[in-house]
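These are the residues of each chain, in order.
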Amino acid sequence: DAGVTQSPTHLIKTRGQQVTLRCSPISGHKSVSWYQQVLGQGPQFIFQYYEKEERGRGNFPDRFSARQFPNYSSELNVNALLLGDSALYLCASSSGQGLADYEQYFGPGTRLTVT
Amino acid sequence: QQPVQSPQAVILREGEDAVINCSSSKALYSVHWYRQKHGEAPVFLMILLKGGEQKGHEKISASFNEKKQQSSLYLTASQLSYSGTYFCGILNYGGSQGNLIFGKGTKLSVKP
C-alpha cells in the first residue's frame, strides 16, 4: 500500500504570495494533520481534520487554512507569505479520530522556501 | 507547554544503551515517540497512554510516569540504524483531541 504522499516536494515563493500544499493519506485513513517543521526543531502542529471537519488547530495565524475533501485528501493554504514561513510542511494521516491513541504516518513533506 | 527533552544530543558506540527523557509542565494524557532520520519524515515508535496502555514496536521500550509528568525512551544494545533525532509529542490531560505538541528533539548518533 502507498504511504502518505505530498506535493509538491519543493516550492520557492516570494513574500506576499500564496501557496497550496497537497496531501493524500494512506488508504482507509480518515484523519489528516498538518505540521510545520523548522530546521532543528520538532514538528509544530497546525491543523487536524477528521471526516472533513476541523478537529484541532495550533497556534498559527489566520493566514493558514486547510480543508479536507470527500476522498480524505487535504490541502493546506498559506496566504501573504512571510520569510518566516520557510519550513518543511509535513502531513500525517491516522486511522482514528483522536490524536491521543493513534499512531500517525508522516509523508515526506513539502520544503517551502520564501524569498 | 512544549515538552522538554533531555539530553539534547548523545553519542553512542554500537551495543551501548541510552535513555531519552521527556518532561511536561502539565498533566499528561498520552506521550508519543517518533524518530526522524536526516532528510526523512518522522517514523512512529510508540504511544504511551495514561493508565498504562502502550502501543509500539516490540524492540523499543518506554515508561510513562504520570505523577512526575514524564516519559523515558530506552534504547538498548544500540545499532547503527538507531541514529536519528528522537521526538516526544504530548497531549495534555483532557486533550484527547487537538494539539499534539512535540519537543525539540534528542539527536542520537551511533558509531561503529
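Everything below is about the structure printed above this text.
The structure reproduced in this document is the subject of the present report. Just so we're clear, the structure is a prediction, and the values are computed from it rather than from any experiment.

Focus on the overall build of chain B
Item 1. What chain B contains, in helices and strands, is 0 helices and 11 strands.
Item 2. If one aligns the C-alpha atoms of chain B with their principal axes, the spans along those axes are about 45 × 25 × 20 Å.
Item 3. Looking at chain B as a whole, 46% of its 112 residues qualify as buried.
Item 4. When contacts within chain B are restricted to residue pairs at least 6 apart in sequence, long-range pairs at least 24 apart make up 58% of them.
Item 5. Approximately 5700 Å² of chain B is accessible, and the part contributed by carbon and sulfur atoms is 48%.
Item 6. One finds the centroid of the 12 positive side-chain charges in chain B at a distance of 8 Å from the centroid of its 7 negative side-chain charges.

With respect to the interface of chain A and chain B
Item 1. Of the residues lining the interface, 24 residues belong to chain A; the matching set on chain B comes to 21 residues.
Item 2. Across the interface of chain A and chain B, roughly 1800 Å² is buried in total on both sides, 56% from carbon and sulfur atoms.
Item 3. Scanning the region where chain A abuts chain B turns up 0 salt bridges.
Item 4. The interface formed by chain A and chain B holds 2 residue pairs in polar contact (both at pLDDT 80 or more) in total.
Item 5. Among the elements of the structure, β4 (31-37), β5 (44-50) and β6 (53-57) of chain A are those that each provide at least two residues to the side of chain A that touches chain B.
Item 6. The element that contributes the greatest number of residues to the side of chain A that touches chain B is β6 of chain A, accounting for 3 residues.

Topic: the layout of surface pockets
Item 1. Estimated volume of the largest pocket: approximately 600 Å³.
Item 2. L39 of chain A together with Q36, K37, H38 and G39 of chain B are, among the 27 residues lining the largest pocket, the residues nearest its centre.
Item 3. Going through the elements one at a time, β9 (84-92) and β11 (106-111) of chain B are the ones with two or more residues in the lining of the largest pocket.
Item 4. Each residue belonging to the lining of the largest pocket can be placed in one class, and the counts come to 7 nonpolar, 15 polar and 5 charged.
Item 5. Reported here for the second largest pocket is a volume of approximately 290 Å³.
Item 6. Class assignment for the residues of the lining of the second largest pocket results in 6 nonpolar, 10 polar and no charged.

A word on the state of the cysteines
Residue and element names in this part refer to chain A.
Item 1. Tallied over the entire structure, the rule returns 2 disulfides over all chains.
Item 2. Note on cysteine connectivity: C23 is disulfide-linked to C91, with sulfurs 1.8 Å apart. Taking the sign of the torsion about the S-S bond as the criterion, the disulfide between C23 and C91, at about -60°, is left-handed. Here the residue C23 occupies a position in strand β3 (residues 19-24), and C91 occupies one in strand β9 (residues 87-94), the gap between them amounting to 68 residues.

Brief notes about the packing of aromatic side chains
Item 1. In total, this model carries 8 aromatic pairs over all chains according to the counting rule given.
Item 2. For the ring pair Y34 of chain B and F44 of chain B, a centre distance of 5.8 Å and an interplane angle of 70° mean the geometry is edge-to-face. Of the two residues, Y34 of chain B is situated in strand β4 (residues 28-36) and F44 of chain B in strand β5 (residues 43-49); the sequence distance between them amounts to 10 residues. With respect to burial, Y34 of chain B and F44 of chain B carry one shared label: buried.
Item 3. Three or more aromatic residues joined by ring pairs form one cluster here, namely Y35, F45 and F106 of chain A together with Y34, F44 and F102 of chain B.

Conventions and cut-offs
- Residues numbered from 1 in each chain as written.
- Chains lettered and ligands numbered in written order.
- Predicted model: local features only at pLDDT ≥ 70, side-chain atom pairs only at ≥ 80, totals over all residues.
- Heavy atoms only, no water.
- Helix = DSSP H or I, 4+ residues; strand = E, 2+ residues; numbered from the N terminus.
- Buried < 20%, exposed > 50% of the residue type's maximum accessible area, 1.4 Å probe, protein only.
- Contact = heavy atoms within 4.5 Å.
- Areas by Shrake-Rupley, 256 points an atom, 1.4 Å probe, with all protein chains shown as cover.
- Lys, Arg positive; Asp, Glu negative; His and termini not counted.
- Charge placed at Lys NZ, Arg CZ, Asp CG, Glu CD.
- Buried area = accessible area lost by both parts, 1.4 Å probe.
- Salt bridge = Lys/Arg side-chain N within 4 Å of Asp/Glu carboxyl O.
- Polar contact = N/O pair within 3.5 Å; in protein donor to acceptor, adjacent residues only side chain to side chain.
- 1 Å grid on protein atoms, 1.4 Å probe; cavity = no way out; pocket = protein on both sides within 12 Å on 5 of 7 lines; lining within 4 Å.
- Points joined across faces, edges and corners; volume = space filled by probe spheres on them.
- Nonpolar A, V, L, I, M, F, W, Y, C, P; charged D, E, K, R; others polar.
- Disulfide = S-S within 2.5 Å.
- Phe/Tyr/Trp six-rings, centres within 6.5 Å; stacked < 30°, edge-to-face > 60°.

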